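Here is how the chains run, residue by residue.
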Amino acid sequence: MRNTRSFQFVLLFSLVIASQSAVAQVVIATVPVGSSSLGLPVGIAVNSVTNKTYVANTSCPGSYRNCHSAGTVTVIDGATNQTTTVNVGVAPTAVAVNPVTNKIYVANFCGNDLNCASAGTVTVIDANNNNSTTTVNVEVFPYALAVNSVTNQIYVSNNCGNDLTCNSAGTVTVIDANNNNSTTTVNVGFYPSRVVVNPVTNKIYVANDCGDLACISPGTVTVIDANNNNSTATVNVGFLFNFEEVFLAVNSVSNQIYVPNCGTDGTCSSPGVVTVIDGATNNTTTVNMPAGVPYDVAINAITNKIYVSNNSPGMVAVIDGVTNHIIQVVNVGLAARGLAVDSVTNEIYVVNDCGSDPFCQSPGTVTVINGATYSTSLVAVGDGPESIAVNETTDRIYVPNNADNTVSVIAGDTGLQFVPV
């Protein structure tokens, strides 16, 4: 009887556990990236159509003036987690995918110059043709890029315009992939960093880190109207945290643009804000953060919820896109950085650079937020994670670990199983 009762208890306990936690997020693979010990992963993008993930690796640790070799892109096959390597330019900083044409675009901060004293380039990887590459010349220090897959135009932000001394405002190079990658130039603000596209309105939003050359004025956003010969308008936003880059995101359904910043406090010692730009009018409203300095922003266009990570304290503020009010604050890990939304599963993934270690001497983590209940779970990843990408088709999440040259692959929902004993 004792053995029978013990078996019944174990079976009942297993059923209770399974019913309370039917799914879980786990790391199913750790994929080495980069061509050497210096191949630091700095950018990532997913093509959910082909189930391929592209990771840009730089060989310039600590400084763009200290490049040991040209960079690479590691291509991860989502079905097998096997990798191939594609050579690109010097100091790649960002990668973007056009899933319609199956081409990948890589911004090379230093072009082809290991001393980083020349204009930058963009490497175009043709995944239809055995990952063959071509090079497009852009301007000085290209930092980020975005693709409009509807018009097949690529927008590249150049930190210093056409001025190698960086004493001028920045530019955006527009690459026309329909016309042999011909280029045009659009003048924007000072030190442009991130760029995003609203494919519905065919407008492009460029975050300019500073309002002036000396960086003593609040940042701005340049709005490029591709329907009107790339004419521009300028929208004022707030100061940046320690002159870090501005992140921004577009909700193409509601035509609202969200820009985290420090508001009117140039010291960034007060709680930050999110500037909301109305895409129809370029008018702005401000959402005050409850604490800390906001870092990254991501949107679930289906639920019209906006998620803003705060570096310190580690938290995510949830904004209702209808009212532009914060409806929830979720505690996450330390040094919360990048975040991404899986709109299919309604889950939000937040990268915690320092995990739960206040001394930041431990591997990082990813906090998974349930978008319906705001409950959280924690997934351990590698050292120094900062960015993240989601493949909504396969429910796989990819986290580049900057300090150990790997990518952690997380299975979004893994059902628990009964294992016979």
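Above this note sits the structure.
What you see is a predicted model; the values in this text were computed from it and never measured.

**Regarding the overall build of the chain**
Next up, step 1: Scanning the chain for helices and strands turns up one helix and 32 strands.
Next up, step 2: Among the 421 residues that make up the chain, the fraction classed as buried is 54%.
Next up, step 3: Taking contacts inside the chain between residues at least 6 apart in sequence as the whole, the part at least 24 apart equals 41%.
Next up, step 4: As displayed, the chain has an accessible area near 17800 Å², and 50% of this comes from carbon and sulfur atoms.

**What about the packing of aromatic side chains?**
Next up, step 1: As enumerated under the stated definition, the model contains two aromatic pairs in all.
Next up, step 2: Each ring, one from Phe 109 and one from Phe 141, has its centre 4.7 Å from the other, and the planes form 5°; the classification is stacked. With a gap of 32 residues between them, Phe 109 in the loop between strand 7 (103-108) and strand 8 (121-126) and Phe 141 in the loop between strand 9 (132-137) and strand 10 (142-148) connect regions that are remote in the sequence. You'll find Phe 109 and Phe 141 in the same group, each marked buried.
Next up, step 3: Where Phe 247 meets Tyr 295, the ring centres are 4.9 Å apart and the plane angle is 40°; that geometry is what we call tilted. Of this pair, Phe 247 sits in the loop between strand 17 (231-236) and strand 18 (249-251) while Tyr 295 is found in strand 22 (residues 294-300), placing the two residues 48 residues apart along the sequence.
Next up, step 4: Its relative accessible area of 10% is what places Phe 247 among the buried residues.
Next up, step 5: Exposure remark for Tyr 295: the relative accessible area of 12% places this residue in the buried category.
Next up, step 6: Across the ring face of Tyr 295, the terminal group of Arg 337 is positioned such that the distance to the ring centre comes to 5.3 Å.

**Regarding the pattern of salt bridges**
Next up, step 1: Under the criterion given, the structure shown has one salt bridge.
Next up, step 2: Arg 337 is paired through a salt bridge with Asp 353; the nearest N and O atoms lie 4.0 Å apart. Of this pair, Arg 337 sits in strand 26 (residues 336-342) while Asp 353 sits in the loop between strand 27 (347-352) and strand 28 (365-370), and the two are 16 residues apart along the sequence.

**A word on the sheet that holds strand 13 (residues 182-187)**
Hydrogen bonding along the main chain pairs the strands of a sheet, whether they run parallel or antiparallel.
Next up, step 1: Overall, antiparallel pairing links the four strands, which are arranged 10-11-12-13 in an open sheet. At either margin of the open sheet sits one strand with a lone partner, and together these are strand 10 and strand 13. Each neighbouring strand pair of the sheet contributes to a mean axis angle of 20°, computed without reference to strand direction.

**Description of the state of the cysteines**
Simply put, the disulfide is a covalent bond whose two ends are the sulfur atoms of two cysteines.
Next up, step 1: The tally for this structure, following the rule as stated, stands at six disulfides.
Next up, step 2: Here Cys 110 engages in a disulfide with Cys 116; their sulfurs sit 2.0 Å apart. On the sign convention where negative means left-handed, the S-S torsion of about -80° between Cys 110 and Cys 116 marks this disulfide as left-handed. For the residue pair Cys 110 and Cys 116, the accessibility class agrees, reading buried in each case.
Next up, step 3: Each sulfur in the disulfide pair Cys 262 and Cys 268 lies 2.0 Å from the other. Taking the sign of the torsion about the S-S bond as the criterion, the disulfide between Cys 262 and Cys 268, at about 110°, is right-handed. Take Cys 262 and Cys 268: they sit in the same class, and that class is buried.

Cut-off values and rules
- Residues numbered from 1 in each chain as written.
- Predicted model: local features only at pLDDT ≥ 70, side-chain atom pairs only at ≥ 80, totals over all residues.
- Heavy atoms only, no water.
- Helix = DSSP H or I, 4+ residues; strand = E, 2+ residues; numbered from the N terminus.
- Buried < 20%, exposed > 50% of the residue type's maximum accessible area, 1.4 Å probe, protein only.
- Contact = heavy atoms within 4.5 Å.
- Areas by Shrake-Rupley, 256 points an atom, 1.4 Å probe, with all protein chains shown as cover.
- Phe/Tyr/Trp six-rings, centres within 6.5 Å; stacked < 30°, edge-to-face > 60°.
- Lys NZ or Arg CZ within 6 Å of the ring centre and 35° of its normal.
- Salt bridge = Lys/Arg side-chain N within 4 Å of Asp/Glu carboxyl O.
- Pairing = 2+ DSSP bridges.
- Axes fitted to C-alpha atoms, helices over the stretch in contact; angles between N-to-C directions.
- Disulfide = S-S within 2.5 Å.

By themselves, these observations are geometric and do not establish any function.
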